[in-house]
Structures are given as structure tokens and as C-alpha cells.
Amino acid sequence: MVPLSYYLVLSAILFACGVTGFLIKRNVITIFMSIELMLNGVNLSFVAFAAKWHALSGQVFVFFVMVVAAAEAAVGLAIIIAIYRARETLNVDQMNLLKL
Amino acid sequence: MITPLVAQVIPQAGEYVRILPELVLSLFGILIMLLDPLMDEQRGQKTLGLIGFIGTLAGLLATWYMSQSPGLAFSNSIQIDGFSAFFHVLVIAIAALVILSSYEYLAVQHIRAGEYYALILFGTVGMGLMSSAVELVLIFIALEISSISTYILAGFRRYQAASTESSLKYFLLGSFATAFFLYGVAMMFGATGSTNIDKISRYLQSNGVPLLVYIGTALMFVGLGFKLAAAPLHVWTPDVYEGAPAPVVGFMSTAPKAAAFAVLLRIVFAINEPAHFWPVWVAAALSMTIGNLGALVQTNVKRLLAYSSIAHAGYLLVAFAMTTPENWPNGIAAAMFYAAAYAAMNVGAFAVVGHFANAGEQYVTLEDYEGLGRSSPLLAAVLTIFLLSLIGIPITGGFFAKFYVFSAALRANLIWLTLIGVVNSAIGAYYYLRIIVVMYMREPRKQVPVSRVSFGVGTALAVCTFATIYLGIFPNRVLHYAQQSAQNVMPVHVAGSPTSTAEIPAIPRSRP
């Protein structure tokens, strides 16, 4: 049997990949995908902990998280479309209207 | 056939009463969404806004009804007590005032969208749930309900690049922060095998606090700190507040903040021993300093108020840094009072800014405010009251809010933090007074048209002014209520201790 720590390390790596992607990528869509990656990393640790505690609730939370992520994606993509219409670019470096 | 096990899980009728405000607000929100396509685009807006406003009034009524039956509901995931009723009233009242002040704003900006009011109601549902939830996963969902609504609201002037940009920034950074919150929840679940705050608290009492819990709490603090705009998680605030529509800023600088504070109060005091929770101390000191220093150099009033909102998050966080259990109720009560006073003055200030900004939000710099004291004395006077309250001048709510927070902090021996706070209040006075000076003592350099104040904005301003002054002259009632309900937040083992209600109420009575 695969020990619990393996899952947790994998989930931490996924989360860290998401954070890194968020910080270094410049395309809005890629940044958005990085956030989804972070959420999925968390999902993995929820499932792993559910197995540790023999509690089904941990697995159910994953579904909640998926639903929330889907809602967030709907709104996020709409915002991205709105910004593309206004600026014709998806590069975050050019989102610099609001600055001191 | 229902087995006993299933029968346990099926909610009873009484449990629905405990989410009645949320149900009512959702229903009104859905009603607005359904009616929106049927209505005339020009004239229907007022009707939809009116429905939204009635919805908030019904929500307040439902809150009163809900508070009559305190207790747990839905498999212990919701707890109704004085504490959650307080924040329900606060959040729904903010929504009502914002709807009132948006009425005219939307017409001036030529925004025709009934869903604006629906989104405010849906956001309020999330914030209400945040204040009553005692289950971390439910808190996460409620946090997202409130956030997703505000992401959309921030971008409501969608033909203006600044507004969409503010929406995008809020969305990206907001979801980034909530992912951290969720990771924290997973850690808590992993460490204790439960996501129920009460169960976690019990587990930690009997088994000690594992390292994973500290990591989990810190990660959750990242998520909530973002919502509070507490430094070092404040970077988004000025940009988002500058681009978002002014009434929406009034909404999202107060209501989600109050709700996030409610969550933080429950988590910090029930799960974690605040004594070990030094990040709160650091965040409080940093927010006050960065917020006030940042505001000094601003020329855009919305941006200035954004930095001021960071500073106020810092003052509020001071109340969380109480180290000894006997001071906890004082801290909680002070924080609740501060949230209420801040809501009154900030919603009011942004209502004035929104009214004054005019079409396309062109008039938002300090230069535009020159001579406002002469051209529209009443508007300037009302704004002055809110600004004085933000400084913390006596007979306004802001004074007692700061007073209670700092006196609670002193009693808990947080001398350094209090000192930083008081110095910061003095710095803060400079930039608030600068607006007042500009309004009253400068000759206007350009012609700024000020339209007549409509009934909606007028009512909202009157209510905000009344609340600000009421909290400044008769703070006892609200504070007393806050102190009583503070007991509900305390973890079981401390709540029973006889030392709890300390002498704070004695202080206002000594006033003439």
C-alpha cells in the first residue's frame, strides 16, 4: 500500500506548481489554469486524509470544491472575455491602467 | 422507508428557520433574475432595485425571526447565536444602503442591468452564511459565494477598461488566496479528522496542538487576510477599489470584510490559542503602517480610501491579538463594534464619492473636491462627518471603535501594538483632514457639476450619518450586545470562566 505521505507530498508539489505558475506566467488563461491546479492539489490531500481518518466526508468535500471551481471558472472566463474586448490582449503585464 | 440513520440527517423544519435570511435573500435574488428579461430596459431598473431593497428589508426581518431560535442546524454546520445575528444584521443593512445609493449611480453611469441588485443579494447570502457557519468547508463555500458575486460587481462598468481590469485583478488574486484557504482547511481536516470548528476545538484540547494545525491556520489566515485587505496581502486593494464602481467599493470594503472578520474570530478564538498566533500581531502592525503611509501620497479619493481601508483592517486586527483568555471577550466585542462603526462611515463615504463622481467616474481626484464646501454644503458636511469618524474624533462612531480596540489591547498588555496604532491614527488624521481642507479652504480651479442628491442616496446618507453619530454618542447598547454575544464565540473550556466580562462597559458611562 502506498503510504499517506506520498500522496501528501504529491499534493504539495501540485500546489507548489500552481503557485509557481501563477507567479511566473504572463498569460491570463495560464494563470487561471494554475489556480485550478492549486485547487486540485488540495483535492488530492482531502482524499488522502479521508483515507487516513476513514471518513467519507473528506471525499465529499472534493465534490464541493469541484462545484465551486466550476462556478469560479464560469465567472473567470467571462471576466477574461470582457477584458479581452476592452484591451485586446491577455498579457497581465499590460494590465497596468491602475497604478500609482 | 427511511432508516433511522437517514432520518437523522434529513433537516427538520426548525433548521430551515436558522438559514431563513439566506433563503429570503436568495428568493428575492432569483425573483430579480427572473423578472429582469421581462421588464422594460429603461424603466424596469427602478422596480428591480426596489425589489432588491424590499428583499434586504425582508432579510432583516428574517434575521430577527431567526435570532429567536438560537442553536445548531444542518448536522452542526450552522450555529445561530447573538454573534451570527449581529453580523447578519450588519451585512444585510450594508446591502440595503448600497442598493439605495446604487439607484442613482447606475442611472448616471448608464448601466442597465437588473442582475446588479441580484448579485448584491447573492453576495449577502454568502456573507451571512460565513458569519453563521461553524464548519470549515461550509465557510469555504460561503466565502466563494460572496467572492464570486463581488468579482462580477467589481467589473460592472464593463465598457471601461479600468473597471474590467480591477475585476480581473480581484478575481485572479482572490481565487489564488481562496486556494490557500482551502489548503488550510485540508490541513485542519488532516490533523484532526474533522472540519467542524467545535469538534476541532475539542480534539485540540484533549490531544494537544500538532504542527499541521499551525500550518493549516496560517494558510487559512492567508485566505482570510486577503479578504480583509490586511498587509502583506493588501496589494490588490488600491487597484481594485479605484477601478470598481463606487457603491460597489462601499459594499466590498465593508460587508465581505465584516464577514471575514466573523470567520476569523470564530477560527482564531475557537481553534487556535491566539497567544501563539503571532502572524496576527505582525499583520495588524503592518496593515496600520502600510495603509496610513500609503494613503499620504494619494491624489485619487477612491485610492486614498482604499489605503485607509487597509489601515482600518489593521486597527481591527489589533483586537485579535489578545493573548490571555480573560481578555478575549473584550477583544471580540471591540472587533464587532469596530466592524459596525466602520461599515456606517465607509458606506456613507463611498456613497458621497459615488454621487460626486458623475458619469464615467470622472471626478474622483482631490482637485475635483476643491470648493465643494461652498458649491454643495450639505454633501460636504456629510462627507466631513464620515471623514472625522474615520479619523476617530469624539462623538462619532470611529472614536469609540478605536477607543475600545486600543483599551482592550492595553488591558491585554499589548503595549507596543497599541503604541503603533495610536501613532498611526495620528498619521491618518493628516490625509483625512487634507480632504476636508481641500473642500472648505480652497478656491475651485475647475467647474465640477454636482447633480441634485436623489432620494435614494439621500436616505442612505441620512442613515449612515445617523448610525455614525449614534454609535458615537450612545455606544453602550451596541457594545453591550457585542459583549454578550462574544461569549458565544469562545471555545467551551474558556466560556465558563468567571473572569470573562471585564470592565469595558464602565468606561463610556464615565462620559458626561
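Look up: the structure comes first, before these words.
Here's what I pulled together on the structure shown here.

What counts and what doesn't
Residues numbered from 1 in each chain as written. Chains lettered and ligands numbered in written order. Predicted model: local features only at pLDDT ≥ 70, side-chain atom pairs only at ≥ 80, totals over all residues. Helix = DSSP H or I, 4+ residues; strand = E, 2+ residues; numbered from the N terminus. Rg over C-alpha atoms; globule rule 2.2 N^0.38 Å. Buried ≥ 20, exposed ≤ 12 C-beta atoms within 10 Å, placed from the backbone. Contact = placed C-beta atoms within 7 Å. Core = buried A, V, L, I, M, F, W, Y, C linked by C-beta atoms within 7 Å. Nonpolar A, V, L, I, M, F, W, Y, C, P; charged D, E, K, R; others polar.

**Observations regarding the overall build of chain A**
No. 1: When you go through chain A residue by residue, the secondary structure sums to three helices and zero strands.
No. 2: For chain A, the C-alpha radius of gyration of 17 Å lies well beyond 13 Å, the compact-globule estimate for 100 residues.
No. 3: Looking at chain A as a whole, 32% of its 100 residues are labelled buried.
No. 4: When contacts within chain A are restricted to residue pairs at least 6 apart in sequence, long-range pairs at least 24 apart make up 48% of them.

**What to know about unusual backbone geometry**
No. 1: Across the junction of B:Ala231 and B:Pro232, the peptide omega takes the value 0°, indicating a cis bond.
No. 2: Along the polypeptide, B:Pro232 turns up in the loop between α10 (211-228) and α11 (236-243).
No. 3: Its identity is not glycine, yet A:Glu88 carries a phi of approximately 55°, on the positive side.
No. 4: Structurally, A:Glu88 can be placed in the segment after α3 (57-87).
No. 5: The exposure class assigned to A:Glu88 is exposed, which follows from the 8 C-beta atoms found within 10 Å.
No. 6: A positive phi is found at B:Ser75, a non-glycine position, where the angle reads about 50°.

**A word on the nonpolar core**
No. 1: Within the largest apolar cluster, 222 residues are counted, with the highest numbers of intra-cluster contacts made by B:Phe337 and B:Tyr338.
No. 2: Looking at this core element by element, the count peaks at 23 residues for helix α16 (residues 328-357) of chain B.

**Examining the interface of chain A and chain B**
No. 1: Tallying the contact residues gives 31 residues for chain A and 30 residues for chain B.
No. 2: Among the elements of the structure, α1 (4-24), α2 (28-53) and α3 of chain A are those that each provide at least two residues to the side of chain A that touches chain B.
No. 3: At 14 residues, α3(A) tops the list of elements feeding residues into the side of chain A that touches chain B.
No. 4: Class assignment of the residues belonging to the side of chain A that touches chain B gives a composition of 25 nonpolar, three polar and three charged.

**Re the environment of B:Glu41**
Residues and elements named next belong to chain B.
No. 1: Following the sequence through the fold, glutamate 41 ends up in the loop between α3 (20-35) and α4 (44-67).
No. 2: The exposed category is assigned to glutamate 41, around which 11 C-beta atoms lie within 10 Å.
No. 3: Once the C-alpha coordinates of glutamate 41 and arginine 112 are considered, the two residues, 71 residues apart in sequence, prove to be 6.8 Å apart.

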